[in-house]
Each structure stands twice: as structure tokens, then as C-alpha cells.
Amino acid sequence: QVQLVESGGGLVQPGGSLRLSCAASGSISRINSWRWHRRAPGKQRELVTSITAGGSTYYADSVKGRFTISRDNAKTMLYLQMNTLKPEDTAVYYCAVDALNARWALQDYWGQGTQVTVSS
């Protein structure tokens, strides 16, 4: 199993910055990719950014040039650096990974989420 805990959310003014963290524990050696999703009020959950075990990254068009995903060397921490924040970025942000389970099947694991509010 993999356990994920997000932190770093809060209230910030437009144009400000925040860094979200995701602490992973458990069978972390079996993780294939790491992702950040978000769910804004009244909208469906969307993929914000991801990074694979090989280091390939993806960013949604809405956050390109403003957000950066990264991992630590031990691959136990995932980060999301968010710059030039906009009110449209207000959402609950979720850390997620896909990993091999005990039966060698790939499955998703999710954190509980952390609230980011961008408002003046």
C-alpha cells in the first residue's frame, strides 16, 4: 500500500506563490508516476501536472509557465511550486500516484487533498 498526505495549502492573494507538498510512505518503490489533480468549485476534477519514474512531465495548458512539479532524491516527497496564482486556481489540490499492488496490478492511490484559495 501507499499512503499520501498533502500539505501547504492556504489563502494567497492573486499574483502570489505557494508550494504544496505530498509525503509518500509504504510501498513507494512500486510507484510508477506521481500526479497533482485539482477540483474547483462547481467543476470536475482535472489533472494539473504529472511526472513519471523516468522524469517526463506534463502540465495542463492553464498552468504552463506558472507551476512546477518536482520530487526529492529519495522519491518520498512530491512538490508543486505555484507562482503567479490566479483566482481561477482556487481548488482542492490532490496528490495521487499509480503503483503496483501485491497482485502486481497497477492501481491509484490518493491523498485527502489540501485547499488553495486565491483571493484579494
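Now for a quick tour of the structure. Not measured: the values here are computed from a predicted model.

Let us look at the packing of aromatic side chains. Any aromatic ring pair is given by two values, namely how distant the centres are and how the planes are angled relative to each other. This model, assessed by the stated rule, comprises 1 aromatic pair. Geometrically, the ring pair formed by Tyr94 and Trp110 is edge-to-face, given 6.4 Å between the ring centres and 75° between the ring planes. Placement of the pair is Tyr94 in strand β9 (residues 91-100) and Trp110 in strand β10 (residues 106-110), with a sequence separation of 16 residues. Lying across the ring of Trp34, Arg71 places its NZ or CZ 4.5 Å from the centre.

A complete count under the given rule lists 1 disulfide for this structure. Across the disulfide, Cys22 is cross-linked to Cys95 (sulfur-sulfur distance 2.1 Å). When the S-S torsion is -75°, as for the bridge of Cys22 with Cys95, the disulfide is left-handed. A residue pair is termed long-range when its members are at least 10 positions apart, and Cys22 in strand β3 (residues 18-26) and Cys95 in strand β9 qualify at 73 residues. On the accessibility criterion, Cys22 (2% relative accessible area) is buried. Residue classification places Cys95 among the buried residues on the basis of a relative accessible area of 0%.

Once that is clear, we can look at the side chain of Asp89. Mapped onto the elements of the fold, Asp89 is located in the loop between β8 (77-82) and β9. Among residues more than four places away in sequence, those in contact with Asp89 are Arg38, Arg66, Phe67, Thr84, Val116 and Val118.

Quick look at the side chain of Ser50 now. With respect to the helices and strands, Ser50 occurs in strand β5 (residues 46-52). Here Ser50 is in contact with Trp34, Arg35, Ser56, Thr57, Tyr58 and Ile69, once residues within four sequence places are set aside.

All right, on to the pattern of salt bridges then. Following the criterion strictly, the structure yields 6 salt bridges and no others. Arg35 is the partner of Asp98 in a salt bridge, and the nearest nitrogen-oxygen pair spans 3.5 Å. Taken together, the residues span a long stretch of sequence, with Asp98 in strand β9 and Arg35 in strand β4 (residues 31-39) at a distance of 63 residues. In this structure, Asp98 and Arg35 share a single accessibility class: buried. Taking the shortest distance from any N to any O, the salt bridge between Asp89 and Arg38 comes out at 3.0 Å. Here the residue Asp89 occupies a position in the loop between β8 and β9, and Arg38 occupies one in strand β4, the gap between them amounting to 51 residues. In this pair, the class of Asp89 matches that of Arg38, namely buried.

On to unusual backbone geometry, then. If a residue is not glycine, its phi is most likely negative; likewise, a peptide bond is most likely trans. Even without glycine at this site, Thr84 takes up a positive phi of about 50°. The topology assignment puts Thr84 in the loop between β8 and β9. If you check the backbone angles, Trp104 has positive phi at about 65° while not being a glycine. Relative to the assigned elements, Trp104 resides in the loop between β9 and β10. The class of Trp104 is exposed, set by a relative accessible area of 63%.

The rules behind each value
Residues numbered from 1 in each chain as written. Predicted model: local features only at pLDDT ≥ 70, side-chain atom pairs only at ≥ 80, totals over all residues. Heavy atoms only, no water. Phe/Tyr/Trp six-rings, centres within 6.5 Å; stacked < 30°, edge-to-face > 60°. Helix = DSSP H or I, 4+ residues; strand = E, 2+ residues; numbered from the N terminus. Lys NZ or Arg CZ within 6 Å of the ring centre and 35° of its normal. Disulfide = S-S within 2.5 Å. Buried < 20%, exposed > 50% of the residue type's maximum accessible area, 1.4 Å probe, protein only. Contact = heavy atoms within 4.5 Å. Salt bridge = Lys/Arg side-chain N within 4 Å of Asp/Glu carboxyl O.

Fair warning: the whole summary comes from geometry, so function is off the table for now.
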